[in-house]
Amino acid sequence: MYRSIILSILLCSNAIAHEMTPTYPKWEVSYIEGIKITTMKMVNKREDVEWYEIGVFDEEWKPIPFVTKHKIFNIKYLGHAKFDVYISARDSKRAEYICSLSKLKGNNMNKPMMSSRICSRFK
Amino acid sequence: MKKILTTLGLVVILAGCSLFSSKAEAVTNINGAVESRCTVETDTPGTYGNPNAYTLTTLPASSGQEPIVRFDVSLANAYFAQISYPTSFSSSPSLSDSVTWTGAVTVVQTSTSDMSGYQAASTTPTASMRQYALTIAGTTWFKSTSVATYGGGQNKAFPGGSYSAVVVAECIAQ
């Protein structure tokens, strides 16, 4: 009598991992006056995810404006990415975290989901 | 005779030096470093069982499957792990009534016995999320259990269809 309602929570059982380094990045002086830069590396071992979103936050997790080539970017399964993040020198003083968040496909009923986020910290 | 022995000794010494210097040239340095790293991985996918018309649960006793998330850290005291249980559906049929969520996040397994205190030392940044200070390098497996009940406390039947929810697993540098 019960309806065949099955809710999947996590994606397939293959190895699906998300990784971002360095753990403690540093802002460096860029070639543009008043702008600082940091470089991050990502590895996508999640077969179910190809898109990741970058965010920069202060100590209270409020978003801070920044510039990068693509705020949401594509990394193929088992692919690596290296990306530069630019921020104003003033904002760099209050930037505490830089995070990458997996973007899940909407309306994909057959695939359970896990949202992963890795945050590095400016010290 | 003495002169011959002296000469022979000198030859042996020179040969040894030559051998030694050729070995020194063959030495190659191998450099490396342990980089601080956190990896978040799905160990076991989750599934909701439907033990009665108004309940969806990951509990195995109700034919559900609790999702297990694995965290790997290469250095101690570098990251917090944060794991949630769902408090809403990310996709579902149209629901005219409210859903009540309950759940828990627990440590399933650790790679070393030193991590046995993780569960007790965890905190709750929000009601549906637990935070663990990963104070020891290694691997920890966390389980996210959730139960959804439909009908605003009146146990109404869930509409038929597919439901989807999301577990959030975060690794945040300390």
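All residue numbers refer to position in the chain's written sequence, counted from 1. For naming, the first written chain is A and the first written ligand is 1, with later ones following in the order written. In view of the model being predicted, local features appear only for residues whose pLDDT reaches at least 70, and side-chain atom pairs are presented and counted only at 80 or more, with totals across whole chains, interfaces and linings using the full set of residues.

A. Molecular detail of the overall build of chain B. Only DSSP runs of H or I with at least four residues qualify as helices, and only runs of E with at least two residues qualify as strands; both kinds are numbered from the N terminus onward. The number of helices and strands found in chain B is two helices and eleven strands. Of the regular secondary structure in chain B, the N- to C-terminal order runs α-β-β-β-β-β-β-α-β-β-β-β-β. A pair of residues counts as a contact when their C-beta atoms, built from backbone coordinates, are within 7 Å of each other. Long-range pairs, those at least 24 residues apart, make up 73% of the contacts in chain B between residues at least 6 apart in sequence.

B. Spotlight on the overall build of chain A. Scanning chain A from terminus to terminus reveals one helix and ten strands. Counts of 20 or more other C-beta atoms within 10 Å of a residue's own C-beta define buried residues, counts of 12 or fewer define exposed ones, and intermediate counts define partly exposed ones; C-beta atoms are placed from the backbone. When the 123 residues of chain A are sorted by exposure, 32% land in the buried category.

C. Inspection of the confidence of the model for chain B at higher detail. Here chain B averages 88 in pLDDT, and 86% of its residues register 70 or above. Across the interfaces of the predicted complex, the ipTM metric reaches 0.81, alongside a pTM of 0.81. Scored from 0 to 100, pLDDT reflects the predictor's confidence in each residue.

D. Molecular detail of unusual backbone geometry. Residues and elements named next belong to chain A. Geometrically, the link from Thr21 to Pro22 is a cis peptide bond, its omega value of 0° lying close to zero. You can see Pro22 is positioned in the loop between strand E2 (16-21) and strand E3 (28-29). Of note, Trp61 is a non-glycine position whose phi angle comes to about 65°, a positive value. In this fold, Trp61 is placed in the loop between strand E5 (51-57) and strand E6 (67-68).

E. Layout of the pairing of strand E8 (residues 79-88) of chain A. Residues and elements named next belong to chain A. Pairing between two strands requires that DSSP report at least two bridges joining them. Summarising the sheet, strand E4 (residues 35-44) and E8 pair through ten bridges and their orientation is antiparallel. Across the sheet, Thr38 pairs through a bridge with Val85, a residue of E8. Bridge analysis of E6 against E8 gives two bridges, and the strand direction is antiparallel. In the strand pairing of E8, Thr68 is matched with Val85.

F. Examining the nonpolar core more closely. Residue and element names in this part refer to chain B. Judged by nonpolar contacts, the single largest core of 39 residues is most densely connected at Val69, Phe71, Tyr79, Ala81 and Cys171. In terms of residue count, the dominant contributor to this core is strand E11 (residues 166-173) (five residues). When residues no more than four places from it in sequence are discounted, the contact partners of Tyr79 are Cys38, Val73, Leu134, Cys171, Ile172, Ala173 and Gln174. The next biggest cluster of nonpolar side chains, apart from the first, holds seven residues, and it includes Tyr48, Ala148, Phe158 and Ala165. We define the nonpolar core as any set of buried residues of the types Ala, Val, Leu, Ile, Met, Phe, Trp, Tyr and Cys, connected via C-beta atoms lying within 7 Å of each other.

G. Just the sheet that holds strand E10 (residues 113-121) of chain A, in detail. Strand order in the open sheet formed by eight strands is E7(A)-E5(A)-E9(A)-E10(A)-E11(B)-E5(B)-E8(B)-E7(B), and the pairing between neighbours is mixed. Of all strands in the sheet, those with a lone pairing partner are strand E7 (72-74) of chain A together with strand E7 (123-126) of chain B, marking the two edges. The average angle at which neighbouring strand axes cross in this sheet is 25°, direction not considered. Across five bridges, the pairing between strand E5 (residues 79-84) of chain B and E11 of chain B is antiparallel. Across the sheet, the residue bridging to Ala81 of chain B is Cys171 of chain B, located in E11 of chain B. Lines are fitted to the C-alpha atoms to define the axes, a helix being fitted only along its stretch in contact, and any angle between axes, read from their N-to-C directions, falls within 0 to 180 degrees.

H. Looking closely at the environment of Trp141 of chain B. Residues and elements named next belong to chain B. Examined against the element boundaries, Trp141 turns out to sit in strand E9 (residues 138-150). The sequence separation of Trp141 and Ile83 amounts to 58 residues, and the corresponding C-alpha distance is 11 Å. Ignoring anything within four residues of it in the chain, the contact list for Trp141 reads Asp43, Ile68, Arg70, Val108 and Gln109.

I. Geometry of the confidence of the model for chain A. Mean pLDDT over chain A: 84, with 81% of residues reaching 70 or higher. Scored below 50 in pLDDT, residues 1-14 of chain A shows 55 contacts in the model against residues more than four places distant or in partner chains.

J. Representation of the environment of Asn50 of chain B in the model. Residue placement: Asn50 of chain B occurs in strand E2 (residues 49-52). Look at Asn50 of chain B and you get buried, because 20 C-beta atoms sit within 10 Å.

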